[in-house]
Amino acid sequence: MKTRLLAALLTLCMLLTMAPAMLAAETATLYVDAASTAEHPDGTQENAYKTIADAIEAASSGDTVYIKDGIYRESVVIGAGKNLTLEGESQDGTVIQFNLASKNDTATYNGMARYPIVYSESDLTLRNLTVAGPTAQHHGISGILAKAGLVMERVTVRDIRCTADGQYVCGVTTYGHGIMIEGMGSASITDCTIKDFQKNAVDINTTGAVVLERNEIIGVGAQQIIAQNGIVARDGKITATGNLISGLSYTADNEWKYASTGIYPLAGVDELTLTQNTLDAVDSPIYTDEVDEAVLQAATIEGNTVTNRVLGVQMGDAWYATVEEAVKAAEAGAVIRIYPGDYNIQQDNITVVSGETGWYLPVDKSVTLMGVDEDGNEITDAAQTKANLYSTDYSANGAWATQNLITVFADNVTISGLTIMNKIDANKALEVVAGADNFVIKNCTFAPIAEDLLAGLDAGELGGYTYDEYKDFGASLYFDGDMTATVENNYFDRSNITFDGTAAAEITVSNNVFEGVKCWNNDPNYTYSSIGYT
């Protein structure tokens, strides 16, 4: 009796052990070949289906549809309860292309019709193929819309755009998303390429976990038609690692100018990891201002690289093309980070400050202007500055506003890690007005405007001067009246500090280096002292 019971138990254990293999054996691979001439296709290699739709109809959940190289002009629709893998013979050779005759006009994303080429309500794996749209038609298509789980490996999504407006892309913003994920499913997108899209390369609106790794997202470059984005995350747990995102720049002169964003998480995101991504020629590389503060505090955002910056001035997560724009947009207490580059300050004949127009860079708010290196680290050595502030926008010295490159009106202004040059016509590079207390300038270089920055300008644009004359006019730091200030660790190259009416001022000047200073305009009535002209 015991022997029979033991044998029965062993048999049961063997059956339980074999069950997964038996179940796995029930899944099948169905073949699709655009060149198939089979009269009675059954999904075998010898009698392959001619269309992907026929294979999907015949498939069972868990099956793989293997698609031979070719162009398949059809809409792929997978309903609920049929988890499938669509695998191409080669990434570039197997192409699923939009077909107007079978356009999916019932699918929605974020409450709006989206017309995807590939649509699935079940868990879907896409591997080794291309999903492509038209270019000459205005059908508002999108690439892939997943309503459940999604796995993508070595997939190209391209031409999700239209040229109906006579441009490479058109101005329709509600369509043209490369990949969309919505619902509660998780997703993994790896080693994929998304390019030539209309609006967003990847748009995420799922509560699940989404991982994007080693993908390449290529925008259409600088243009004035539509503000493109790389990865937009509306919800979920987002991890983006090792992706290359490039060519996203919107240059139209409107409120969305320079609004294209590389990685854009929104308020619904509840976990965020962004590491080792490269963002090349993108207006705003990573923008997190809309993420919940607690989520942002717990987020991991590190090791990301920005190259070929479109915008070099950063305040929070907002990016600006010019220092002037950032200062105008700033609120008290803001830190404005100025990345390496040449910043040619332009005269503003509209904005009124202290009753005048015509200022170059008036600072009338308590802000910090901070020079940083390529990685965003603060410059702490005057010999290592990488951002040059100057102006070749000629204005003859006249009214007060025309005299200065930078004019500080507000209390609690700090300027650090920058090279400050004079403007044309040379006068004061930086003036601090009476009552602007707690001013700090540190780790900066003051120097004459560099010769290469004047290249191509004729004598008229230089106010009649030659460079041989300009090179001897340094950048004056000018204190006008009583205030409190600190000047430390700066380098003055043929430049100086001047005090005017500062008898009651409290100004600390320490650890600065002065080299090559001349009397102003070579006038012997002005004599150089250790800290300025007397």
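Coordinates for the structure precede this section.
Now for a quick tour of the structure. This is a predicted model, so every value here is computed, not measured.

## Section: the overall build of the chain
Reasoning step 1: Looking only at helices and strands, one finds six helices and 46 strands in the chain.
Reasoning step 2: Residue burial in the chain is summarised as follows: out of 534 residues, 49% are buried.
Reasoning step 3: Partitioning the intrachain contacts of the chain with sequence separation of at least 6 by distance along the chain shows that 66% fall at a separation of at least 24.
Reasoning step 4: Total accessible area on the chain is roughly 22900 Å²; 48% of this is exposed by carbon and sulfur atoms.

## A look at the sheet that holds strand β42 (residues 497–500)
Remark on secondary structure: sheet strands pair via backbone hydrogen bonds, oriented parallel or antiparallel.
Reasoning step 1: Taken in spatial order, the five strands make up an open sheet running β30-β33-β36-β39-β42, and their pairing is parallel. The sheet is open, and its two borders are formed by β30 (361–363) and β42, each paired with just one other strand. Recorded for the sheet is a direction-independent mean angle of 15 degrees between the axes of neighbouring strands.
Reasoning step 2: With five bridges connecting them, strand β36 (residues 428–433) and strand β39 (residues 476–480) associate as parallel partners. Among the inter-strand pairings, K428 is bridged to a residue of β39, identified as S476.

## A closer look at the packing of aromatic side chains
Reasoning step 1: Counting across every chain of the model gives 11 aromatic pairs.
Reasoning step 2: Ring centres of Y264 and Y287 lie 5.5 Å apart, and the angle between their planes is 85 degrees; this geometry places the pair in the edge-to-face category. Taken together, the residues span a long stretch of sequence, with Y264 in strand β21 (residues 261–275) and Y287 in the loop between β23 (284–286) and α3 (293–298) at a distance of 23 residues.
Reasoning step 3: Aromatic pair W359 and F409: ring centres 5.2 Å apart, planes at 85 degrees, arrangement edge-to-face. Of the two residues, W359 sits in the loop between β29 (341–344) and β30 while F409 sits in the loop between β33 (404–408) and β34 (414–416), which places them 50 residues apart along the sequence.
Reasoning step 4: Of the residues examined, W359 reaches a relative accessible area of 1% and is grouped as buried.
Reasoning step 5: Among the residues examined, F409 registers a relative accessible area of 19% and is labelled buried.
Reasoning step 6: What links up through ring pairs into an aromatic cluster is the set W359, W400 and F409.
Reasoning step 7: For the cation-ring pair, K428 lies above Y478, with the distance from its terminal atom to the ring centre recorded as 4.8 Å.

## Digging into the pattern of salt bridges
Reasoning step 1: Inspection of every chain in the model, using the stated rule, returns 13 salt bridges.
Reasoning step 2: Close ionic contact of D159 with R161 constitutes a salt bridge, the shortest N to O distance being 3.2 Å. As far as the burial class goes, D159 and R161 line up, both buried.
Reasoning step 3: Close ionic contact of R214 with E213 constitutes a salt bridge, the shortest N to O distance being 3.3 Å.
Reasoning step 4: A residue is classified by how much of its surface remains accessible, and R214, at 44% relative accessible area, is partly exposed.
Reasoning step 5: Given the relative accessible area of 29%, E213 is considered partly exposed.
Reasoning step 6: Bridged by salt links that share partners, the residues E87, R127 and E153 form one connected network.

## Some thoughts on the sheet that holds strand β28 (residues 335–338)
Reasoning step 1: Taken in spatial order, the eight strands of this open sheet run β27-β26-β28-β31-β34-β37-β40-β43, and their pairing is mixed. Two strands in the sheet have a free side with no partner beyond their single neighbour: β27 (318–320) and β43 (506–510). Across the sheet, the mean angle from the axis of one strand to that of its neighbour is 15 degrees, orientation sign disregarded.
Reasoning step 2: As judged from the four bridges shared by strand β37 (residues 439–442) and strand β40 (residues 484–488), these two strands associate in the parallel manner. Note on β40: the bridge partner recorded for V440 is T486.

## Comments concerning the nonpolar core
Reasoning step 1: Counting 57 residues, the largest nonpolar core has V118, M152, I179, V202, I204 and I231 as its most contacted members.
Reasoning step 2: When residues in this core are grouped by element, the largest group, five residues, is from strand β12 (residues 150–160).
Reasoning step 3: Setting aside chain neighbours within four positions, we find I204 in contact with Y109, I181, V210, L212, I231, V232, A233, R234, D235 and I238.
Reasoning step 4: One finds V372, I406, A410 and L477 within the second-largest nonpolar core, a separate group that totals 51 residues.

## Points about unusual backbone geometry
Negative phi characterises most residues that are not glycine, and trans characterises most peptide bonds.
Reasoning step 1: Even without a glycine there, the phi angle at D159 is positive, about 55 degrees.
Reasoning step 2: Counting through the fold element by element, D159 comes out in strand β12.
Reasoning step 3: The backbone of N412 shows a phi angle near 60 degrees, a positive value even though the residue is not glycine.
Reasoning step 4: Along the chain, N412 turns up in the loop between β33 and β34.
Reasoning step 5: On the basis of relative accessible area, N412 is assigned to the partly exposed category, the value being 43%.

## What to know about the environment of I96
Reasoning step 1: Along the chain, I96 turns up in strand β6 (residues 94–97).
Reasoning step 2: Placed 29 residues apart in sequence, I96 and I67 show a C-alpha to C-alpha distance of 9.7 Å.
Reasoning step 3: Ignoring any residue separated from it by four or fewer positions in sequence, one finds I96 in contact with I52, Y72, E74, V76, I117, V118, L129, T130, V131 and A132.

## A look at the pairing of strand β3 (residues 70–73)
Reasoning step 1: Going residue by residue along β3, you find G70 and Y72 tucked away on one face and I71 and R73 left uncovered on the opposite face.
Reasoning step 2: Relative to β6, β3 is paired through four bridges, and the arrangement is parallel. Bridge assignment links R73 to a residue of β6, and that residue is Q97.

Reading the values: rules and limits
For every chain, the first residue of the written sequence is number 1, and numbering continues from 1 along that sequence. Where totals are concerned, whole chains, interfaces and linings use all residues; where local detail is concerned, this predicted model gives features only for residues with pLDDT of at least 70, and gives and counts side-chain atom pairs only at 80 or more. Note that water and hydrogens are dropped before the side-chain values are worked out from all heavy atoms of the structure. Segments assigned H or I by DSSP are reported as helices when at least four residues long, segments assigned E as strands when at least two residues long, and all are numbered from the N terminus. The classification of residues rests on relative accessible area computed with a 1.4 Å probe and restricted to protein chains. Under 20% of the type maximum is buried, over 50% is exposed, and intermediate values are partly exposed. Contacts: residue pairs with any heavy atoms within 4.5 Å of one another. Methods summary: accessible areas were calculated by the Shrake-Rupley approach with a probe of 1.4 Å, and residue burial reflects only the protein chains presented. A strand pair is defined by DSSP finding two or more bridges across the two strands. Angles run from 0 to 180 degrees between N-to-C directions of axes, and those axes are lines fitted to C-alpha atoms, restricted for helices to the stretch in contact. Think of it this way: a Phe, Tyr or Trp ring, Trp meaning its six-membered ring, pairs with another when their centres are within 6.5 Å, and the plane angle makes it stacked under 30 degrees, edge-to-face over 60, tilted otherwise. Placement of a charge over a ring requires the Lys NZ or Arg CZ to be within 6 Å of the ring centre, with the centre-to-atom vector within 35 degrees of the ring normal. Any Lys or Arg side-chain nitrogen located within 4 Å of an Asp or Glu carboxyl oxygen qualifies as a salt bridge. Throughout this description, the term nonpolar core refers to a set of buried Ala, Val, Leu, Ile, Met, Phe, Trp, Tyr and Cys residues connected via side-chain atoms within 4.5 Å.

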